[in-house]
Amino acid sequence: MLQLVISGLAMGSIYALVALGFLLIYVAVGAINFAQGDMVMLGAFFGVTFATMLGWPLWLAYFLSMLLMLVFGYVFERVAYYPLRDKPFLTVIISTIAVGIILRNLAIQDWAWGPEEFFFGTLVSDVPIEVGDAVILPQHLFIIGITVALLVAQYLFFEKTFLGRKLQATAQDQEAARLMGIKVERMMIITFVMSSFLAAIAGLILAPVLFVSTNMGFHVGVKAFVASIVGGFGSMAGAITGGLFLGLLEVFGAAYISSAYKDAFAVLIMLVVLFVRPQGFFGEKIQEKV
Amino acid sequence: MLQCEALHVFYGHIEALKGVSFEVREGEIVTLIGANGAGKSTILKTVSGLLRARRGSIAYLGEEIQRCPADEIVRRGIAQAPEGRRVFPGLTVEENLEVATASWRRRGEPYQAELEKVYHLFPALRERRRQLAWSLSGGEQQMLAIGRSLMARPKLLLLDEPSLGLAPMLVQQLFATIGEINRQGVTILLVEQNAFMALRLAHRGYVLENGVITLADEAARLVEDPKVKAAYLGG
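Here the structure is a predicted model, which means the values were calculated and not measured. (Residues numbered from 1 in each chain as written. Chains lettered and ligands numbered in written order. Predicted model: local features only at pLDDT ≥ 70, side-chain atom pairs only at ≥ 80, totals over all residues. Heavy atoms only, no water.)

K.L.:
A description of the overall build of chain A should follow, citing residues and the corresponding values.
P.N.:
Looking only at helices and strands, chain A features 11 helices and two strands. Put simply, chain A runs from its N terminus to its C terminus through helices and strands in the order α-α-α-α-β-β-α-α-α-α-α-α-α. Along the first, second and third principal axes, the C-alpha set of chain A runs to 60 × 50 × 35 Å. Looking at chain A as a whole, 53% of its 290 residues qualify as buried. The contacts of chain A with a sequence gap of at least 6 include a subset with a gap of at least 24, amounting to 73%. As presented, chain A carries roughly 13,300 Å² of accessible surface, and 69% of it is formed by carbon and sulfur atoms. (Helix = DSSP H or I, 4+ residues; strand = E, 2+ residues; numbered from the N terminus. Buried < 20%, exposed > 50% of the residue type's maximum accessible area, 1.4 Å probe, protein only. Contact = heavy atoms within 4.5 Å. Areas by Shrake-Rupley, 256 points an atom, 1.4 Å probe, with all protein chains shown as cover.)

Set out below in structure tokens:
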């Protein structure tokens, strides 16, 4: 039981992190970044390259991978969003879908990482801890801990710093932010870089639990998207509860019903929520933008 | 202080401003009056750099600012309180005010003096400083919108329809405060549909019709102008 709760919360934490990445960009530009999951994959593959392939120390692999993903976030904004910033949000969404497809297809090439699955080591111990009759993976606790730390850091950043408040202002009313002398372009870059950074961390802490493959990001992205909808799109509380709820649901569903239907639970619960409470646990009703 | 020459501004194929020229001198209150859709807000948006004129020039303190991005224009001393208030709904009153110091303030630099000035002009804002902006009344939101634009340390303040949707009593108070802001040394360009109030407050005025300036004069003379009376002052 404890074992299931911990591993459910760990998976849920990953979904919550990716859902937060969705949220950052959604709030700022009004479009969903469907490449968010593939950015998780990219972060994990950078880690694999440095640690598993080149054999460099794990901490260095973490550091370099995060650094590269910061650069990626910048390039992503310049190439996939900035030229389209005055276009309808649907155009931006399609652009992010394209980036996702391109990333997946580049990653699977033989000169890149190819179709194999890769091992990625853990920063903590890989010896399971026994508590009573439960067996707990230290990596699961690590995932939960890192996620909590990131959430707290992000909260403090947005609420307590000048830059955080400028970002909030920009998200709430871009034109008014411009009139107040806020450099809106710079705020957009920061938003994309932050969500790319979240994806990098999600990829790196998830990698030791799964094997790293070109499709891992896509799966995580779909789950996180479901989590966003279940929790309520557009709210931070929704992203977190939706993620944790989905993680627990999957693990318990797999344990007590059937592991073959693990992925089906997510879609099923999304359908139920869409019928019963389309705004999600915490969300406001989504209205078509004029 | 501000000279606009022959501004032509388009929305797609529609020409919203058809060669508008006007000037604002240092220390003045100048008002632009005109019906809905005459192009008043378009002028302010163009001066603030949100829209680009296809032809014409905008000189501020002798320098061309047409190509400047919006944040640079604020940094040079032109702030705007836009139509519809546009306060940041999810930030508190004080956070709204803080954010508007973005053009001049480095991180950690104090802004207490500016804050005190705004609270002095609008005491109601001090009482509500920890409240989220969406929860304010319309009048308070308008105070916040003007107060916020003052936090940018403007030399020239653009006000877009500050009286919109406010009760007559509040409009009286608000216009008195706008006069006070002007006496403290801020030049003001005021766009209004409430022509009577605006002309009573302003030094000079321009009448805008369908993207063209049709009259320009001392405010006191415009109030007496039979055409203005008929069209904007209810006979």
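K.L.:
Talk me through the sheet that holds strand 3 (residues 29-33) of chain B; I want residue IDs and the actual numbers.
P.N.:
Residues and elements named next belong to chain B. Sheet architecture is open: six strands sit in the order 6-7-8-3-9-10, paired in mixed fashion. On the outer flanks of this sheet lie strand 6 (78-81) and strand 10 (212-218), each paired with one strand and no other. Mean inter-strand twist for the sheet, computed between neighbouring axes without regard to direction, equals 15°. Its contacts with the sheet place helix 6 (residues 138-150) against strand 6 and strand 7 (156-160), and it is angled at close to 170° to strand 6. Relative to the sheet, helix 7 (residues 168-183) contacts strand 3, strand 7 and strand 8 (187-192), its axis offset from that of strand 8 by approximately 155°. (Pairing = 2+ DSSP bridges. Axes fitted to C-alpha atoms, helices over the stretch in contact; angles between N-to-C directions.)

K.L.:
Mind laying out the interface of chain A and chain B, listing which residues take part and the relevant values?
P.N.:
Of the residues lining the interface, 17 residues belong to chain A; the matching set on chain B comes to 22 residues. In total, chain A and chain B occlude about 2,000 Å² of area from one another, counting both sides; carbon and sulfur atoms represent 65% of this. The largest contributions to the chain A side of the interface with chain B come from A:Phe162, A:Leu179 and A:Met180, which together make up 39% of the buried area. At the surface where chain A touches chain B, the tally comes to five salt bridges. The residue A:Lys183 makes a salt bridge to B:Asp71 at a minimum N-O spacing of 3.7 Å. Joining chain A to chain B, the criterion identifies four residue pairs in polar contact (both at pLDDT 80 or more). Counting residues per element, the ones that place at least two in the side of chain A that touches chain B are helix 6 (162-172) and helix 7 (174-179) of chain A. Counting residues per element, the side of chain A that touches chain B draws most heavily on helix 6 of chain A, at six residues. Among the residues forming the side of chain A that touches chain B, the class breakdown is seven nonpolar, three polar and seven charged. (Buried area = accessible area lost by both parts, 1.4 Å probe. Salt bridge = Lys/Arg side-chain N within 4 Å of Asp/Glu carboxyl O. Polar contact = N/O pair within 3.5 Å; in protein donor to acceptor, adjacent residues only side chain to side chain. Nonpolar A, V, L, I, M, F, W, Y, C, P; charged D, E, K, R; others polar.)

K.L.:
Explain the sheet that holds strand 4 (residues 55-60) of chain B to me, using residue names and the numbers behind them.
P.N.:
Residue and element names in this part refer to chain B. Overall, antiparallel pairing links the four strands, which are arranged 2-1-4-5 in an open sheet. Edge positions in the sheet fall to strand 2 (14-24) and strand 5 (63-64), since each has one partner strand and no second. The sheet contact formed by strand 4 and strand 5 spans two bridges and is antiparallel. Across the sheet, Ala59 pairs through a bridge with Glu64, a residue of strand 5.

K.L.:
So what's going on with the nonpolar core? Residues and values would help.
P.N.:
By size, the foremost hydrophobic cluster in this structure holds 142 residues, and its most contacted members are A:Phe120 and A:Val212. Tallying contributions element by element places helix 1 (residues 2-29) of chain A first for this core, with 15 residues. Counting 29 residues, the second-largest nonpolar core is a separate cluster that includes B:Ile43, B:Ile73, B:Leu189 and B:Val191. (Core = buried A, V, L, I, M, F, W, Y, C linked by side-chain atoms within 4.5 Å.)

K.L.:
Give a detailed account of the pairing of strand 9 (residues 204-209) of chain B, specifying residues and quantitative values.
P.N.:
All names here are of chain B. Taken across its six residues, strand 9 has five buried, putting it largely inside the fold. Note that strand 9 and strand 10 share six bridges and pair antiparallel. Across the sheet, residue Glu209 finds its bridge partner in strand 10, namely Val212. In sequence, strand 9 turns back onto strand 10 through a hairpin of two residues, with Asn210 there showing a positive phi of about 45°.

K.L.:
How would you summarise a nonpolar patch on the surface if you had to cite specific residues and measurements?
P.N.:
All names here are of chain A. Taken together, the side chains of Val267, Leu268, Leu271, Val272, Leu274, Phe275 and Val276 make up a nonpolar region of the molecular surface, amounting to roughly 700 Å² of accessible area. Tracing the sequence through the fold places Leu268 in helix 11 (residues 262-276). Note on Leu268: relative accessible area 53%, which makes it exposed. (Patch = residues over 30% accessible without salt bridge, like charges linked within 9 Å, V, L, I, M, F, W, Y side chains within 5 Å.)

K.L.:
Tell me what's going on with the pattern of salt bridges, and back it up with residues and numbers.
P.N.:
All names here are of chain B. Under the counting rule described, the total for this entry stands at 24 salt bridges over all chains. Glu72 is paired through a salt bridge with Arg75; the nearest N and O atoms lie 3.2 Å apart. Of this pair, Glu72 and Arg75 both sit in helix 2 (residues 70-76), separated by three residues, roughly a single helical turn. Classification of Glu72 as buried rests on a relative accessible area of 17%. With a shortest N-O distance of 2.8 Å, Glu114 and Arg153 are connected by a salt bridge. Of the two residues, Glu114 sits in helix 4 (residues 112-121) while Arg153 sits in the loop between helix 6 and strand 7, which places them 39 residues apart along the sequence.

K.L.:
Tell me what's going on with the packing of aromatic side chains, and back it up with residues and numbers.
P.N.:
Enumeration according to the criterion identifies 16 aromatic pairs over all chains in this entry. Relative to B:Tyr206, the ring of B:Phe22 has its centre 5.8 Å away and its plane inclined at 65°; by these criteria the two rings are edge-to-face. Of the two residues, B:Phe22 sits in strand 2 while B:Tyr206 sits in strand 9, which places them 184 residues apart along the sequence. For the pair shown, B:Phe22 and B:Tyr206 are each scored as buried. Taken together through their ring pairs, the aromatic side chains of A:Phe22, A:Tyr26, A:Phe34, A:Phe225 and A:Phe233 make up a single cluster. One Lys or Arg, A:Arg78, reaches over the ring of A:Tyr82 and ends 4.0 Å from the middle of that ring. The ring of A:Phe162 has B:Arg105 sitting right over it, with the charged end atom 4.1 Å from the ring centre. (Phe/Tyr/Trp six-rings, centres within 6.5 Å; stacked < 30°, edge-to-face > 60°. Lys NZ or Arg CZ within 6 Å of the ring centre and 35° of its normal.)

K.L.:
Give a description of the packing of helix 1 of chain A against helix 8 (residues 184-206) of chain A that names residues and reports values.
P.N.:
Residues and elements named next belong to chain A. Interhelical geometry of helix 1 versus helix 8 gives an angle of 170° and a closest axis separation of 9 Å. When the interaxial angle is binned, helix 1 and helix 8 end up roughly antiparallel. Only Met188, Thr191, Phe192, Met194, Ser195, Leu198, Ala202, Ile205 and Leu206 of helix 8 make contact with helix 1, whose side of the interface consists of Met11, Ile14, Leu17, Val18, Leu20, Gly21, Leu24, Ile25, Ala28 and Val29. (Parallel < 35°, antiparallel > 145°, perpendicular 65-115°, else oblique.)

K.L.:
Quick rundown of the environment of A:Ile102? Include the residues and the values.
P.N.:
Residues and elements named next belong to chain A. Checked against the element boundaries, Ile102 lands in helix 4 (residues 89-107). With a relative accessible area of 49%, Ile102 lands in the partly exposed category. With 67 residues separating them in the primary sequence, Ile102 and Ala35 have C-alpha atoms 9.4 Å apart.

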